[in-house]
Amino acid sequence: MKFIKILLFLCTLMMLQPVTSRAQDTPTIQIKATVYGVNNQPLKGAVVTSAAENSKAVTTDAFGSFEYEVAQNDVLSISAKGFETKYITITKAISQINLTPEKTRDLIHAAFREVEKQDLLGGVASVNVKELLNKNYFTNTLDGMEAFASGFNGNSNWGMGNYLFMIDGVPRETGNVAPTEIEEIVFLKGANAVALYGSRAAKGVVNVITKRGEAGKRRFDLRVNSGINIPKSYPKYLGSAEYMTMYNEARRNDGLTDLYSELDIYNYGSGRNKYRFPNVDFYSSDYLKNVFTRYDATAEISGGNERVRYYTNLGYSTTGSLLNFGEAKNNNNSDRLNFRGNLDIQLNEYISMNADATAIFYTGRGVNTDYWGNAATVRPNRFAPLIPIDLIEKEDAASQIWIQNSNNLIDGKYLLGGTQLDQTNPIATIYAGGNNQYSNRQFQFNTGLKADLRNVLKGLSFRTGFAVDYATAYSLSYNYSYATYSPTWNNYSGTDLISSLTVYNQDAKSGTQNVSGNWYRQTIAFSGQLNYDRTFGTNHNFSAILLANGFQQSESAVYHRTSNANLGFLASYNYNHKYYLDLSTAYIHSAKLPPNNRQAFSPSVSLGWRLSREDFLKNSSVVNDLKLTASASILHTDLDINDYYLYQGFYTGAGSWYGWKDGTGIQATESRRGDNPNMKFPRREEINIGLEGTFFNRLLNLNGTFFMNKMTGNIIQASVLFPSYFTTGWPVSSFIPYVNYNEDKRVGFDFSANLNKKIGDVNWNLGINGTYYQTTAIKRAELYENAYQNRQGKALDGIWGLQNLGFFQDENDIKNSPSQTFGQVKPGDIKYKDQNGDGIIDSRDEVFLGKGGWFGAPFTMGVSLSAQWKKLTFLALGVGRFGGNAMRSNSYFWVYGENKYSEVVRNRWTEATKLTATYPRLTTLSSDNNFRSSDFWMYSTSRFDLSKVQITYDLTDLLKMKSFVRELGVYVNGFNLWTFSENRETLELNVASSPQTRFFNLGVKALF
């Protein structure tokens, strides 16, 4: 219903758009003018059109002349092939119009400037989202970008981690912008590309550039989508009878007696009375829908003239939930309403300004329990969620009174079930425990000023920007208490009946709304820069930037603000777009360092050579364009300094307790670290070499970059670097300071290949993007007894653990094996390899097992394939991630104690299955021996995902009212369609959280 209301609102807004008409009292102006082009030559065939509705176009004659009658203040557009379209607001008669030759520049938003794509010197990837949305509709900002941007692996740029995400040059969050609001996403990977941004950007930048208005006829774009999410898989847990059987077996393995009788197990397995012998399946249709929906609608309004341009985006989306009972049935969804608007104003010939505003309202509604978390822990036989009142004996007066007085009679037929151990439970809470609402509000404001200072110095300009963002969040909830009932059953007459009820708690609904989770954040950002851009002669192109840049974020409950402040300088020269030299420098400041080391200088030098302009390639039929680039950089950063004042010694008054006399005691003052006034910035030292080119008459585009960087001087507090007397045992004191010591290394490459070919009537495009990197801990403060345990020389994302040798088969096997120190072991427990041969299995036997891919998979590859035939467009996207590993270590796999039993225990070790078992013996104890990091639990996360298929059809030619609807298209797509992997079931399984889903969507887009 809310979606329909929003859609009606957008349609109403569309119909209320003002229509420019010429009333009888509107003054008109008769234009008789000549259009001129290069060298003041008249232009034949130039098209002249008014922005007024239903206006007709006229064409200039052989002498470049035309006549046109327009209403006063109408906008006249003049366009001609090879020239930029010009827009003129008609306030008086004009006689001459001069057009400027069209600039065929492809501009990329690099750091604090726009650079022609041909002049970029590597370490930068760009995605034109505005064009991409025509064939690839997506809902999350960075969804599928691995298929379009080399060097980005979904987690980081070049495996660095902690990239700075910005929107229009201001640090923000990915959820602050929707794809329909985006013009371009720029991935700044190389150190040379991010140097001007200062310390906080030293591990890369992802900068989103939002849409802006364009001069010309007003546009009204409308996009509406409706889709369904279908769960991929659910965890599979044992039913009550099988669980009880297995639990008895686990007790016998521990030397205990059975807890459940054979009769109990039979009754629970028979299904004859689910209220007396419950078998609760949290993933059944009793509680979940088969699908849940998502709707969104977006309206965009843009236009303007040569003086003022405007853009507005109004969007709404709503997403439902799988839960299908109680409060969750109609009160478990999320809504997002966003507004984005901007104005670009040309104040005069020299000065222009912009003003931008964004507001985002997110509301999530839910229930007062973690349903998915409980679904992974609550055993199926614990309680019956509902107690049918028709099975309660009529003679039980007390129970009948409770029924009459209950505030929570479900569907008029059930009381809420429970037990002494489960007096509250997730199902009852969803029925009667109240609800909550999470609210998040984002308000963002940008303004900027540009000034052309050519009258001071030709090529000189000034630019400044200022932004203020506010974000708030809080939760509102109604928390109700409720009664649950534990039945006493009988079978006197051969029918199961309830003799009596035991009640726990009581029904109570308070009118009080509770407020919790209050949070706010403020961001202030500023930049000011002088730009110099000039060509000397015809071949010497020079540009320079001198800037001051900074931002500061303050957050509730965080004492220190996050700050970034730096001065920057860039000088760039190229000779005839053939030889390049760039120098980027930043002078940074950080309060995390001691006062004498808070400033640092970050230089970067880049070189470029366009080989295709050399004589030996100039006339090549194979190479259309070929450029080689190289850069060397040193960037100082405080990103990995985890706190302020680490350079100072620290004492705490909350130390150990000492008793000075009977019955009393005080806490001692103890040292936690020593001073280090010489602490310095960690540094990113990098060399990268890039090659890019176009081949075979622009059939094939190739781009690749090799990079090698080191992070040196990472700050640690390591006892092995200091004498043992710097620390004490209990009571623990330490005088060890934080020092610059650890060093990390990353080596890798990224690549992109794009093939465009028309075969028959079909235009084909194949794009492949990839990133491969290797990490190494090249310096570590460590002191292990055995060299194989050294972290130095191993991957930064290394998984460490024991190597398994299968299961202990019998007592002799245990007796003849090394001694286990992780608790008592029995046949069926995991046996480990004694790495150092000391006859003891302990932490000293842990070895490097593989890479975890914590900064993104070691090798990431994205593939996009599109085909266009007439009005029909097909797109398929795939993303591969290879070389990473993970542990099956959540409660679904590590089943012990009182945990819920999943289907994996069916392959447990027993005397009968000792030769085929793939799971250890069952136990009701903690089993520290079995459930610890080892290669027994490790699995490969390598995968290839068919992440998107979309078919788009352009219906524009079928329209009968093109004066009203200028363009119309429809598309269908599917997201997260299939995963190809040897461990697909594990990769697609979510435990203790909502399931992964496939999303199928139908969308319509229209231009009015």
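Residues numbered from 1 in each chain as written. Predicted model: local features only at pLDDT ≥ 70, side-chain atom pairs only at ≥ 80, totals over all residues. Heavy atoms only, no water.

(A) Region of the structure containing the overall build of the chain. The number of helices and strands found in the chain is eleven helices and 52 strands. With respect to the three principal axes, the spread of C-alpha positions in the chain is 110 × 75 × 70 Å. Within the chain, the proportion of its 1008 residues that are buried is 50%. Partitioning the intrachain contacts of the chain with sequence separation of at least 6 by distance along the chain shows that 70% fall at a separation of at least 24. If you average the places of the 100 positive and of the 92 negative side-chain charges in the chain, the two averages end up 6 Å apart. (Helix = DSSP H or I, 4+ residues; strand = E, 2+ residues; numbered from the N terminus. Buried < 20%, exposed > 50% of the residue type's maximum accessible area, 1.4 Å probe, protein only. Contact = heavy atoms within 4.5 Å. Lys, Arg positive; Asp, Glu negative; His and termini not counted. Charge placed at Lys NZ, Arg CZ, Asp CG, Glu CD.)

(B) The arrangement of the pairing of strand S14 (residues 205-210) in detail. With six of its six residues buried, S14 lies for the most part within the structure. Both strand S13 (residues 182-188) and S14 contribute to a ladder of six bridges, which runs antiparallel. The partner of Ile 185 across the bridge, within S14, is Val 208. (Pairing = 2+ DSSP bridges.)

(C) Just the nonpolar core, in detail. Within the largest apolar cluster, 78 residues are counted, with the highest numbers of intra-cluster contacts made by Tyr 371, Tyr 901, Val 905 and Trp 937. The element contributing the most residues to this core is helix H4 (residues 240-253), with six residues. Excluding its chain neighbours within four sequence positions, the residues that come into contact with Tyr 371 are Phe 282, Tyr 287, Leu 288, Leu 323, Phe 325 and Ile 430. (Core = buried A, V, L, I, M, F, W, Y, C linked by side-chain atoms within 4.5 Å.)

(D) Just the packing of aromatic side chains, in detail. A complete count under the given rule lists 44 aromatic pairs for this structure. A centroid spacing of 6.1 Å and a plane angle of 35° characterise the contact between Tyr 275 and Tyr 414, whose relative ring orientation is tilted. A residue pair is termed long-range when its members are at least 10 positions apart, and Tyr 275 in the loop between helix H5 (262-270) and strand S16 (292-304) and Tyr 414 in strand S21 (residues 414-416) qualify at 139 residues. Relative to Trp 937, the ring of Tyr 919 lies with its centre 5.8 Å away and its plane at 75°, an arrangement referred to as edge-to-face. Placement of the pair is Tyr 919 in the loop between strand S48 (885-887) and strand S49 (938-940) and Trp 937 in the loop between S48 and S49, with a sequence separation of 18 residues. Take Tyr 919: its relative accessible area is 3%, and that puts it in the buried class. Taken together through their ring pairs, the aromatic side chains of Tyr 234, Tyr 237, Phe 282, Tyr 283, Tyr 287, Phe 325, Tyr 371, Trp 372, Tyr 431, Tyr 892 and Phe 893 make up a single cluster. Seen from the ring of Tyr 580, Lys 627 lies directly overhead, with NZ or CZ sitting 5.5 Å from the centre. Against the face of Phe 855 rests Arg 746, its NZ or CZ located 5.0 Å from the ring centre. (Phe/Tyr/Trp six-rings, centres within 6.5 Å; stacked < 30°, edge-to-face > 60°. Lys NZ or Arg CZ within 6 Å of the ring centre and 35° of its normal.)

(E) Looking closely at the side chain of Asn 564. For Asn 564, the location among the structural elements is in strand S28 (residues 562-575). Engagement of the side chain of Asn 564 in a polar contact is seen with the backbone oxygen of Tyr 197, the distance being 3.1 Å. At 3.0 Å, the side chain of Asn 564 forms a polar contact with the backbone nitrogen of Arg 200. Discounting chain neighbours no more than four positions away, the residues touching Asn 564 are Tyr 197, Gly 198, Ser 199, Arg 200, Asn 549, Gly 550 and Phe 551. (Polar contact = N/O pair within 3.5 Å; in protein donor to acceptor, adjacent residues only side chain to side chain.)

(F) Region of interest: the sheet that holds S13. Spatially, S10-S13-S14-S11-S12 is the arrangement adopted by the five strands of the open sheet, whose pairing is mixed. The outermost strands of the open sheet, each flanked by one partner alone, are strand S10 (124-127) and strand S12 (170-171).

(G) Representation of the confidence of the model for the chain. Across the chain, pLDDT averages 92, with 96% of residues at or above 70. Counting interchain partners and residues more than four positions distant, the pLDDT-below-50 stretch residues 1-24 has 36 contacts. (pLDDT = per-residue confidence, 0-100.)

(H) Representation of the pattern of salt bridges within the structure. All told, the structure shown has 43 salt bridges when counted by the stated rule. Between Lys 211 and Glu 300 there is a salt bridge, with its nearest N and O atoms 2.8 Å apart. Pair noted here: Lys 211 is in the loop between S14 and strand S15 (216-231) and Glu 300 is in strand S16, with a separation of 89 residues, a long-range link. Residue classification places Lys 211 among the buried residues on the basis of a relative accessible area of 8%. The exposure class of Glu 300 is buried, given its relative accessible area of 12%. We note a salt bridge from Asp 842 to Arg 844, for which the minimum N-O separation is 2.9 Å. Its relative accessible area of 12% is what places Asp 842 among the buried residues. Judged by relative accessible area, which is 30%, Arg 844 ranks as partly exposed. Bridged by salt links that share partners, the residues Glu 146, Arg 881, Arg 943 and Asp 945 form one connected network. (Salt bridge = Lys/Arg side-chain N within 4 Å of Asp/Glu carboxyl O.)

(I) Focus on H4. End to end, H4 covers 20 Å across 14 residues, agreeing with the expected 20 Å (1.5 Å per residue, within 8%). The element H4 is extensively covered by neighbouring structure, given that ten of its 14 residues are classed as buried. Burial in H4 covers these residues: Ser 240, Ala 241, Tyr 243, Met 244, Met 246, Tyr 247, Asn 248, Glu 249, Ala 250 and Arg 251. Summarising the contacts, the buried residues of H4 are in contact with H5. Gly 255, located one to two residues past H4, shows a positive phi value of around 80°. (Expected span 1.5 Å × (residues − 1).)

(J) Local environment of H5. Taken together, the buried positions of H5 are occupied by Ile 265, Asn 267 and Tyr 268. Down the axis of H5, the sector holding all buried residues measures 165°, keeping them to one side. Residues of H5 that are exposed and angled more than 90 degrees away from the buried face: Glu 262, Leu 263, Tyr 266 and Gly 269. On its buried face, H5 sits against H4. Positive phi shows up at Gly 271, right after H5, with a value of about 75°. (Arc of directions from axis to C-beta.)

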